[in-house]
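Residues per chain, in single letters:
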Protein chains: 2
Amino acid sequence: MAPLLKDELDIVIPTIRNLDFLEMWRPFFQPYHLIIVQDGDPAKKINVPEGFDYELYNRNDINRILGPRASCISFKDSACRCFGYMVSKKKYVFTIDDDCFVAKDPSGKDIDALAKHIQNLLCPSTPLFFNTLYDPYAEGADFVRGYPFSLREGLPTAVSHGLWLNIPDYDAPTQLVKPRERNGRYVDAVMTIPKGTLFPMCGMNLAFDRELIGPAMYFGLMGDGQPIGRYDDMWAGWCVKVICDHLGLGVKTGLPYIWHSKASNPFVNLKKEYKGIFWQEDIIPFFQAATLTKDCDTVQKCYIALSHQVREKLGKIDPYFAKLADAMVTWIEAWDTLNPKEGAEANGKPTKGK
Amino acid sequence: MAPLLKDELDIVIPTIRNLDFLEMWRPFFQPYHLIIVQDGDPAKKINVPEGFDYELYNRNDINRILGPRASCISFKDSACRCFGYMVSKKKYVFTIDDDCFVAKDPSGKDIDALAKHIQNLLCPSTPLFFNTLYDPYAEGADFVRGYPFSLREGLPTAVSHGLWLNIPDYDAPTQLVKPRERNGRYVDAVMTIPKGTLFPMCGMNLAFDRELIGPAMYFGLMGDGQPIGRYDDMWAGWCVKVICDHLGLGVKTGLPYIWHSKASNPFVNLKKEYKGIFWQEDIIPFFQAATLTKDCDTVQKCYIALSHQVREKLGKIDPYFAKLADAMVTWIEAWDTLNPKEGAEANGKPTKGK
């Protein structure tokens, strides 16, 4: 049997080192195309294990391809990965960090994380009502008594957010307080995050439908020259969730797990995060209250509308947010330039109907 | 070690038969007080295994204690259990069906469902933001990166909704279509149902804080003389969730599991349910849109306000809802008569601060 969506999915990997971690993923990733976004010094040579089909972009490539609009792509931060989302020509993207390895399920079997993400994306979501037995489409499960029948068809799934065994995705303060905590709990569930509820989206083990939500998957301005880091995926997650709720798309979290091998340095992380720790107290209520009007009927229009609100409301907190609002607009311009609508149609890839 | 909350929790069991199922629960339930609500023919003698401390109420008792207000307590339907919530004098209630047995966790160990419910109730909820590693207060877990620090204290937990292995809680159509489906998936998680999200609350394996939410745990008018059945717990769950969201209280679902031994007859269930299957299509949007004003600062006030909305908005669907709205008011009158505020204070049981 051919691997699922072999020609419809790219794997995006941001990195600053040799990609030896791919060896462990070989049985699962080798059939797919990789987009490697090299962060840091472009002169450095990144080794990719043999046999993988890939394209690699370093900072020089990003500058060359985007020109002045390259300013919206972060440098010296894994936020640079979103450049890979932009240059992909596929319907689906899976992104994974290079310190993430194959996890085992409780029976000891290797987990094919990518296959599970694909299953999550191809199967509907249920954001409008909570199902107490979790994913109603899973084998051996269904909608429980009291679940309205009109909602049982679900909505298209835009995002599949996977979890991590071993090193949990904690912020610096929690890392400092609990340096030895490891996640050993295998929760055998996929669930839809309800409409109207925000969540902390981690970019370590994440898949999404580019056609449905791609233009909102912007990982913001982080790292070099910016006042914060480690909020790239969070920022994307908040924007994405608000837009998915508005457009009637689903976001799932839970399975699959990957094995997260090493904790980043909590002191370095604290330096990157500390402004974000303050700011998120205002950012969360901002996104919880954000509304989009009916005429925002594409991801792009939603995203531009959000950028205006970011400038207006969050700009008061710090000038950084005005810069970020500009970058959000630049990102959309760059996205639309690399992904012209005519081109997509000429490629025979309709944007809706799965 | 003394059993947790031994003198602060009642176990409420609705039944029409001898309570042999208690034998299996003896190690867990025997220290607690039971309130048995006998449904059906009051002349029938219900046997309770020796050694349990219990009080038993049949229909004659209900009529004697409530007088004309007994009309709000359903007959020939397990909805009658809510009479037990009303006569309890304890802070916490656990209710369980008499066809539910002790389940085993994946390691083969008997699950003490009651102890887990108590743990759920004593530990805060997090309805304002989703934590991707589920219960952040669980052993070995915490809040993940991106979770606002201001929300990490959580909110008081009002409800703990447990799940079922073996026979899942399906409606009649699903039972008919999947007669052999069994739930074998042990999902090792407790989660808070986010604010603004409704869920189908099942009364089979349920615990709650009577002081926080008791007056909203009304199981409606079902069974004898009523046009529907099997929506008793659903009705309570929808009202409870709207009120918990308004008052800043949490509702958890997930662990603990019980072993649900037998499926009820799907043909009988279809007869009970079929009007509900239509009506829930309007009831869910009604509750999703229901709002409570600031002056609704007690459960009772919230519940009376909801009853007015039920009469006004759902009354248009069927005259049944006007009757139900009346019964909601009667229920609150009966609750307040049996649970006078002075009495609670005289008992030295403060209603807040855990």
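Residues numbered from 1 in each chain as written. Chains lettered and ligands numbered in written order. Predicted model: local features only at pLDDT ≥ 70, side-chain atom pairs only at ≥ 80, totals over all residues. Heavy atoms only, no water.

Visitor: So what about the overall build of chain A? Which residues, and what values?
Guide: For chain A, the helix and strand inventory stands at 11 helices and 9 strands. Against the 2.2 N^0.38 benchmark of 20 Å for 354 residues, chain A shows a C-alpha radius of gyration of 19 Å, consistent with a compact globule. For chain A, the C-alpha atoms occupy an extent of roughly 55 × 55 × 50 Å along the three principal directions. A buried classification covers 59% of the 354 residues belonging to chain A. Sequence-distant contacts in chain A: of pairs separated by 6 or more residues, those separated by 24 or more amount to 75%. Of the roughly 13800 Å² that chain A leaves accessible, carbon and sulfur atoms contribute 55%. (Helix = DSSP H or I, 4+ residues; strand = E, 2+ residues; numbered from the N terminus. Rg over C-alpha atoms; globule rule 2.2 N^0.38 Å. Buried < 20%, exposed > 50% of the residue type's maximum accessible area, 1.4 Å probe, protein only. Contact = heavy atoms within 4.5 Å. Areas by Shrake-Rupley, 256 points an atom, 1.4 Å probe, with all protein chains shown as cover.)

Visitor: Before we move on, can you summarise the interface of chain B and chain A with the specific residues and values?
Guide: Buried accessible area, meaning the area lost when the parts come together, often serves as the stated size of an interface. Residue-level contacts link 60 residues of chain B with 60 residues of chain A. Across the chain B to chain A interface the summed buried area is about 5000 Å²; carbon plus sulfur atoms make up 57%. Counting across the chain B and chain A interface gives 10 salt bridges. The partner of Arg145 of chain B in a salt bridge is Asp169 of chain A, and the shortest N-O contact between them spans 2.9 Å. The tally of links between chain B and chain A comes to 28 residue pairs in polar contact (both at pLDDT 80 or more). Listed by contribution, the elements that provide at least two residues to the side of chain B that touches chain A are β6 (157-166), α5 (172-177), α7 (232-247), β9 (250-260) and α8 (266-289) of chain B. Considering every element that reaches the side of chain B that touches chain A, the biggest residue donor is α8 of chain B, with 6 residues. (Buried area = accessible area lost by both parts, 1.4 Å probe. Salt bridge = Lys/Arg side-chain N within 4 Å of Asp/Glu carboxyl O. Polar contact = N/O pair within 3.5 Å; in protein donor to acceptor, adjacent residues only side chain to side chain.)

Visitor: Quick rundown of the pattern of salt bridges? Include the residues and the values.
Guide: Inspection of the entire model under this criterion finds 40 salt bridges over all chains. A salt bridge links Glu181 of chain A to Lys178 of chain A, with the shortest nitrogen-to-oxygen separation between them at 3.3 Å. Here Glu181 of chain A falls in the buried class, since its relative accessible area comes to 15%. On the accessibility criterion, Lys178 of chain A (26% relative accessible area) is partly exposed. We note a salt bridge from Asp98 of chain B to Arg17 of chain B, for which the minimum N-O separation is 2.9 Å. In this pair, Asp98 of chain B sits in the loop between β4 (92-96) and β5 (100-101) while Arg17 of chain B sits in the loop between β1 (9-15) and α1 (22-29), placing the two residues 81 residues apart along the sequence. A relative accessible area of 12% places Asp98 of chain B in the buried class. Residue class for Arg17 of chain B comes out partly exposed when judged on its relative accessible area of 33%. Salt bridges here are not isolated pairs; linked through shared partners, they connect Lys91, Asp209 and Glu211 of chain A.

Visitor: Describe the nonpolar core, listing the residues and the values that go with them.
Guide: Buried together is how nonpolar side chains tend to be arranged in soluble globular proteins. Among the nonpolar cores identified, the biggest contains 242 residues, and Trp235 of chain A together with Ile213 and Trp235 of chain B are the most heavily contacted of them. If you tally residues by element for this core, the top one is helix α10 (residues 320-338) of chain A, at 11 residues. Among residues more than four places away in sequence, those in contact with Trp235 of chain A are Tyr218, Gly220, Ile283, Phe287, Tyr303, Val310, Leu314, Phe321, Leu324 and Met328 of chain A. (Core = buried A, V, L, I, M, F, W, Y, C linked by side-chain atoms within 4.5 Å.)

Visitor: So what about the relation of the copies chain B and chain A? Which residues, and what values?
Guide: Overlaying chain B with chain A gives an RMSD of 0.0 Å, the required rotation being 180° about an axis along which the chain moves by 0.0 Å. Such a combination of rotation and displacement between the chain copies is what one expects of a two-fold axis. For chain B, the residue whose C-alpha comes nearest the rotation axis is Val187 of chain B, separated from it by 2.7 Å. Looking at the interface residues of chain B, 100% of them are also at the interface in chain A, so both copies use one shared face. (Least-squares fit on C-alpha atoms with pLDDT ≥ 70 in both.)

Visitor: Can you tell me about the side chain of Glu273 of chain B, naming the residues and giving the values?
Guide: Mapped onto the fold, Glu273 of chain B is located in helix α8. Judged by relative accessible area, Glu273 of chain B falls into the buried class, the value being 1%.

Visitor: I'd like to hear about a nonpolar patch on the surface, residue by residue, with values.
Guide: All names here are of chain A. A contiguous nonpolar surface patch, about 650 Å² in accessible area, is contributed by Leu176, Val177, Phe267, Leu270, Tyr274 and Phe278. Ranked by residue count, the leading element in the nonpolar patch is helix α8 (residues 266-289), at 4 residues. With respect to the secondary-structure elements, Leu176 resides in helix α5 (residues 172-177). Given a relative accessible area of 36%, Leu176 falls into the partly exposed group. (Patch = residues over 30% accessible without salt bridge, like charges linked within 9 Å, V, L, I, M, F, W, Y side chains within 5 Å.)

Visitor: Help me get a handle on the pairing of strand β2 (residues 33-38) of chain A, residues and values and all.
Guide: Residue and element names in this part refer to chain A. Of all 6 residues in β2, 6 are buried, a share of seventy percent or more. Side chains His33, Ile35 and Val37 of β2 all project onto a buried face; the interleaved residues Leu34, Ile36 and Gln38 project onto the opposite face, where all are buried too. Pairing of strand β1 (residues 9-15) with β2 involves 6 bridges; the strand directions are parallel. Bridging across to β2, Pro14 finds its partner in Val37. Viewed along the sheet, the connection from β1 through helix α1 (residues 22-29) into β2 turns out right-handed. Relative to strand β3 (residues 53-57), β2 is paired through 5 bridges, and the arrangement is parallel. (Pairing = 2+ DSSP bridges. Right-handed = clockwise from strand over helix to strand, strands pointing away.)

Visitor: Could you give me a rundown of the packing of aromatic side chains, with the residues and numbers involved?
Guide: Centre distance and the angle of the planes are the two values used to describe a pair of aromatic rings. Taken as a whole, this structure holds 42 aromatic pairs over all chains when the rule is applied. Here the aromatic rings of Phe29 of chain A and Phe94 of chain A are separated by 5.9 Å at their centres, their planes lie at 75°, and the arrangement is edge-to-face. Here Phe94 of chain A lies in strand β4 (residues 92-96) and Phe29 of chain A lies in helix α1, a separation of 65 residues in the sequence. Under the relative-accessibility criterion, Phe29 of chain A is labelled buried at 0%. Taken together, a centroid distance of 4.9 Å and an interplanar angle of 90° make the contact between Phe129 of chain B and Tyr147 of chain B edge-to-face. In this pair, Phe129 of chain B is assigned in the loop between α4 (113-122) and β6 and Tyr147 of chain B in the loop between α4 and β6, connecting sequence segments 18 residues apart. Accessibility assignment for this pair places Phe129 of chain B and Tyr147 of chain B in one class, buried. (Phe/Tyr/Trp six-rings, centres within 6.5 Å; stacked < 30°, edge-to-face > 60°.)

Visitor: Any details on the pairing of β4 of chain B? Residues and values, ideally.
Guide: Across a regular strand the side chains alternate sides, sitting on one face of the sheet and then on the other. Residues and elements named next belong to chain B. Among the 5 residues of β4, 5 are classified as buried, and the element is accordingly described as predominantly covered. Burial along β4 is two-sided: Tyr92, Phe94 and Ile96 facing one way and Val93 and Thr95 facing the other are all buried. With 5 bridges connecting them, β4 and strand β8 (residues 205-209) associate as antiparallel partners. Across the sheet, residue Val93 finds its bridge partner in β8, namely Phe208.

Visitor: Describe in detail unusual backbone geometry, supporting the description with residues and values.
Guide: Residue and element names in this part refer to chain A. Omega for the peptide link from Leu255 to Pro256 comes to 5°, which places this bond in the cis form. Residues other than glycine seldom take positive phi values, yet Lys76 does so here, at roughly 55°. Its location among the elements puts Lys76 in the loop between α2 (59-66) and α3 (82-87). The exposure class assigned to Lys76 is exposed, which follows from its relative accessible area of 53%. A positive phi angle, close to 75°, is found at Asn166, a residue other than glycine. Looking at the secondary structure, you find Asn166 in strand β6 (residues 157-166).

Visitor: How would you explain helix α9 (residues 299-314) of chain A if you had to name every residue and give the values?
Guide: One turn of the α-helix equals 3.6 residues, which is why residues spaced by three or four share an orientation. Residues and elements named next belong to chain A. Between the first and last C-alpha of α9 there are 21 Å, a value that for 16 residues agrees with the 22 Å anticipated at 1.5 Å per step. Inspection of α9 places Val299, Gln300, Cys302, Tyr303, Ala305, Leu306, Ser307, Gln309, Val310 and Leu314 among the buried residues, and these make up the whole buried set. Buried residues in α9 make contact with α6 (210-213), α7 (232-247), α8 and α10. (Expected span 1.5 Å × (residues − 1).)

Visitor: So, the packing of α7 of chain B against α8 of chain B: which residues are in play, and what are the values?
Guide: Residue and element names in this part refer to chain B. The interhelical angle for the contact between α7 and α8, taken along N-to-C directions, is 15°, at an axis separation of 10 Å. Taken together, α7 and α8 sit at an angle that is classed as roughly parallel. As α7 packs across α8, the resulting crossing turns out to be right-handed. Between α7, through Trp235, Trp238, Cys239 and Val242, and α8, the contact on the second element is made entirely by Gln280, Ile283, Ile284 and Phe287. (Axes fitted to C-alpha atoms, helices over the stretch in contact; angles between N-to-C directions. Parallel < 35°, antiparallel > 145°, perpendicular 65-115°, else oblique. Left-handed = near helix turned anticlockwise from the far one by under 90°.)

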